[in-house]
Structures are given as structure tokens and as C-alpha cells.
There are 2 protein chains.
Amino acid sequence: MTTTTIQQDLYPTRTGEVPGPAIEREHPTVWGSEADGPFDAAALEAHEQRGFTILENFITPSEVDLYSAELRRLSADQSLAGDPRVITEKSTGAVRSVFEVTALSEAIDALSRDPRVLDRARQLLGSDVYLHQTRVNYMPGFKGSGFYWHSDFETWHAEDGMPAPRAVSCSIALTPNYPYNGGLMVMPGSHRTYAPGVGETPADNHSSSLKEQTVGVPSQEAVTEMAHRYGIDQFTGPAGSALWFDSNIMHGSGNNITPFPRSNVFMVFNSVENTLEDPYAAPTPRPEHIASRDFTPLR
Amino acid sequence: MTTTTIQQDLYPTRTGEVPGPAIEREHPTVWGSEADGPFDAAALEAHEQRGFTILENFITPSEVDLYSAELRRLSADQSLAGDPRVITEKSTGAVRSVFEVTALSEAIDALSRDPRVLDRARQLLGSDVYLHQTRVNYMPGFKGSGFYWHSDFETWHAEDGMPAPRAVSCSIALTPNYPYNGGLMVMPGSHRTYAPGVGETPADNHSSSLKEQTVGVPSQEAVTEMAHRYGIDQFTGPAGSALWFDSNIMHGSGNNITPFPRSNVFMVFNSVENTLEDPYAAPTPRPEHIASRDFTPLR
């Protein structure tokens, strides 16, 4: 006689046209303590409550120049034309993101291992970490079309098989973020609520969803309820600012009709105790340049 | 022998694919003085310099309720279906604006004659005034698509035959304007620069341009130059706030992915010494519900 243990999915999603009800998260947001890294106890408590932390002057102006030059170099690199790691804007063909950028840029690889970055990631997640995803993003002036509200964790759970929201993102601004040029909006505290996504995942969803979210987004009812409950903050600040944000925080961005572009370096750290399994709500996992399955701890 | 006097057009526009160079405006912005109305000398000087003035608590909360109810009533009025004064959102069919609203709402007609409004309009324009255009606007949550950068005066000059920028708009917010829900962005000081519009005006341009600006917008080069020269401010504030802004100020708005809608009452006052002539760059004038030719001074 054989027995099968079916572990309950704590974060069910994409179960049909009408999404399931919002779920109050049981997992913590901050897994480490003051002794584990650069954040003091008050900063950790604020991060636990709000789900994000903004640090101005996180990198120096000369570092901003260095990574901006890397972004320009990669965007112009003809040998990367047609590379699946390079995502272009639907309407203009301009380069919007370059994924797995630590494999393409020694400077950005070094940044991901820099103690300012790595020690904070380890502290927030309370363990060794690895890179789940990295990219540089470029949102041009006039044409940036923004992203609808979503939780990254919803996608990483559904399509990548990430078991729990024990991952954290670090977005480092390479250009000023104004309130009006399409910067990230977050709902502070929303990381405590898991809003299941609408619909079911088609095969190969990622090739279109990176340009424009269509499946897996929360319902308008859930976004409305959460916006009234949590309010909306914006990630504003000069170039060199960093936003650390929980994998489950509800976030999005409007379009950008101003001439001021936005670019950033984006790194997702996942706990080595939270490595990927089979996707929870998709037929096949996404490619490794979007969701790495190399779980080697970052040093 | 007959002679013909050809008066030079100080504000040429829509002369072809490549717009003419930006023109420094010679006409003043503030035509009256402290003795003429509610604005004191410092407020007038600030308005002259910046091209706009924000007044919080311009109307009371109960007035906000009153005009909001009028907007709902007009949007739901089946007898107005198909009325050219009612503009609907391209993608959803939802009511976006109701023009000539003073003819449809006694309450809003009275508001346009209220001393708080009328005395300021007269003071800024230094003469009696009439209503060039009025409307109520409703930008829904999630779906509001915004407006690209433009100068209202460019359109009023080109398509309505308004000779000079001696007109002022008053926008009264009926909902909170946050930095992130698609509120108006203005370039402070840009009213001193006239940026000619791109292209030539097709017949009946107004029926599409009210939904989405396509002709008469400034070039990206002009917007970039002006954004760097003047910067960008946003009209934020609680419901009941008023924005008074010069007819030539460069303004626009992004989209709105938040659940928070925006609605406002919008009134354009023109000086009776600046009444409409033939259009300067269009084959025929726009309809009267968009550009009134009843120049009777408002009392």
C-alpha cells in the first residue's frame, strides 16, 4: 500500500474567471533580526509593517554612471538582438528590459554580491540567498506604458513554483524617480494580503506577460478594496536610491508622458530554504533567465 | 484702388510636419491689478510668473456634493444619449465629459457667475469676460487614459479663432487629486512660450481630438526643451480645490491605473476684448458647445 501526502497550497491562484477571496498571509516578511545585518530593529519593524524600505544614496553617483553605461552598452549590443533575455517595447521595439543581467555584466554581478546589497537580502530573508531574477529596465520618456497592479509573488508562485513569499526585491534607480514619470506605486502593508490572480495560465504566458500583464492580475474589486485599506505610496527619489520590497506587495506603475526616462537595476533574492518546485498554476516552468533554478548561495 | 491690411498672426501653428520654432509671448498673463478683485498683488505676481494658481477649499464640501450629483445626473440622463455635448471614453463608452454644462445645470451656471469665480476671472483678464467653454469631466479609476502635453490656447487659436492668450481656465476638483491618479501636470512658466503645433488640421478634427490629441500637439523636442527649462508641477489637493491656469500653459496628464476616479468642473473665461474670429489654422470653426460665440458679458 502506498500513501500520498498532498500538501495544501497556501497561496492558490488562477483557479478561474472569478478569483478566490483574498488570503491573509501567515508567513513573516522579515525572517532575520538586528544582529544579522545592516538594518536596525526599527528599520526591520518598519519593513515588516509596510513591506518596503526606501534608502536614498544607496549607491554613489559614479556607480549610477557605471551601471547606466552598462545598460546603454547592453541595449546597443547587436549580438544580443533576438536574445530572449532582451525584452522590447511592444509599440516601438525599443529595449525595455535585459534579463539575467548578472551573466552579461561583471559590474552588475559584483553589485549583487556587494555587502550593501547581499547582507540586507540575507538579513531580511534570515538565510543564505540566491538570485531568482535580475534585470535592468529602461522606460523611455513619452512612451513608457507602465504595469498594472500585481504581486510578483503571485506570478513566481503560479508560474515558477516558488513555495512561499520568502523573497525580496531590490530596485536601484539609475534616473530620478519623480511622482509623475511612471515610477513604482506600492500599497504599504498590502504584502500581508495575498490576492489570487484572475484566469488560468496559458502555455508560454511569459513571452507576452513581460510586456503587458494580462493573466494573473488581481481583480479590480481586490485592487479597490486594498487601495482603500492600505492607500498608495510612490517610490520617488534621486538616482542612486534603492527600494527594497517584499515579493507579495501590491504594486504597479502608470504610463510616462514626460520626457524624463526611468531606468533601474532590479534584483530578486530568494531564500535557499524556499527554492523552486513545480509551478503551482502553470503547465510548465518559465525559462531560467526569468526564474533561475541555480540555487547556489550567493557569496 | 483697394488696399488690404494683412495683420500678422503672432501665434502661427500647424504649418506642416515640422512645427515652427517656439515663440516668446508678448501678451501679458495678468491684465488686471490688485484693485480689480480678490487676488492680492503677490498672488497676481505669482500667477504672472508661474501661469497658474492653486486655491484649496475654493468651494465647500457641500458644494462638492452638489456638483458631483449634477455630474452623476447628467451622465445618467438618457435624453442626452447621442448628444454631441456628451463625450464618451473611446474604449469603454463611459461618459468622460459633458460640454456646455452651464446650459444643462442651473447649479453650475450659478457657479460660473459666483463672485469667487467671476471676480477672479475678470481680475486676471482685466475686463468683462464671457464663457468660452464649460464642461464637467469624469476620469474613471483603472481606465482613465490621460491627455498628451498641449497648450489649450494653441487649439483655441487654431480651431476657434481666439486672437490672443487672454483667457483663463478654472478647474475645480470634485474628487481628491493625488500625485498618482492622473491629475493635471503643468510646466510652471511655460505659458510665456508658445510652442506651435505639429501637422495640419483635418476637417472635423474636434470629434476625435476631444478623446485623444493627435493634431496640434507640440513636438517631442519642444516638450523636452520646455520640461528641462520649466520643470513639471502637479495639481494635487483635496476635493474643492481650484486650479486657475493660463490658456497657454503647457499641461497634460498621465493615465490612471488606481481605483480612485477624478472628476472636476472646468470653466474657460475669455476677455470680451478677445472675442473669436475665423480660425487661424482650420477650415471651419468648431461647434458652439465647444467654443461659444455668444460673447455676452457674464454677470
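Residues numbered from 1 in each chain as written. Chains lettered and ligands numbered in written order. Predicted model: local features only at pLDDT ≥ 70, side-chain atom pairs only at ≥ 80, totals over all residues. Heavy atoms only, no water.

- The name that an unreviewed UniProt entry assigns to chain A is Ectoine hydroxylase, with the source organism given as Ruania alba.
- Recorded under Sequence similarities (unreviewed entry), the UniProt text for chain A is reproduced unchanged: "Belongs to the PhyH family. EctD subfamily."
- Turning to chain A, the UniProt record has this under Catalytic activity (unreviewed entry): "L-ectoine + 2-oxoglutarate + O2 = 5-hydroxyectoine + succinate + CO2". (UniProt positions renumbered as here; feature names shortened; annotations may be inferred.)

### Regarding the relation of the copies chain A and chain B
And then number 1: When chain A is brought onto chain B, the operation consists of a screw motion whose angular component is 180° and whose axial shift is 0.0 Å, with 0.0 Å RMSD remaining. Both copies are brought into coincidence by an operation consistent with a two-fold rotation axis.
And then number 2: Here 100% of the contact residues of chain A are again contact residues in chain B; the copies associate through an equivalent surface. (Least-squares fit on C-alpha atoms with pLDDT ≥ 70 in both. Contact = heavy atoms within 4.5 Å.)

### With respect to the nonpolar core
And then number 1: The biggest cluster of nonpolar side chains holds 37 residues, and the ones touching the most others in it are F58, W244, M267 and F269 of chain A.
And then number 2: Listing elements by their share of this core, those giving two or more residues are α2 (61–76), β4 (95–99), α3 (106–113), α4 (115–125), β5 (129–139), β7 (167–173), β11 (242–246) and β13 (262–271) of chain A.
And then number 3: For this core, the element with the most residues is α4 of chain A, which contributes 5 residues.
And then number 4: Sequence-distant contacts of F58 of chain A, defined by excluding residues within four places in its chain, comprise R116, V117, R120, C170, I172, G240, S241, A242 and W244 of chain A.
And then number 5: In this structure, V117, A121, C170 and V265 of chain B belong to the second largest nonpolar core, which totals 36 residues. (Core = buried A, V, L, I, M, F, W, Y, C linked by side-chain atoms within 4.5 Å. Buried < 20%, exposed > 50% of the residue type's maximum accessible area, 1.4 Å probe, protein only. Helix = DSSP H or I, 4+ residues; strand = E, 2+ residues; numbered from the N terminus.)

### Structural notes on the sheet that holds β4 of chain A
Hydrogen bonds between backbone atoms are what pair the strands of a sheet, whose relative direction is either parallel or antiparallel.
All names here are of chain A.
And then number 1: Read across the open sheet, the 7 strands follow the order β2-β11-β7-β13-β5-β4-β3; overall the sheet is antiparallel. Two strands bound the open sheet, and with one partner strand each, they are β2 (52–55) and β3 (86–88). This sheet shows a mean twist of 15° between the axes of neighbouring strands, independent of strand direction.
And then number 2: Sheet analysis places β5 next to β13, joined by 10 bridges and oriented antiparallel. Each bridged residue has a counterpart across the sheet, and for Y138 the counterpart in β13 is S263.
And then number 3: In this fold α2 packs onto β4, β5, β7 and β13, with an angle of close to 75° to the strand it touches most, β5. (Pairing = 2+ DSSP bridges. Axes fitted to C-alpha atoms, helices over the stretch in contact; angles between N-to-C directions.)

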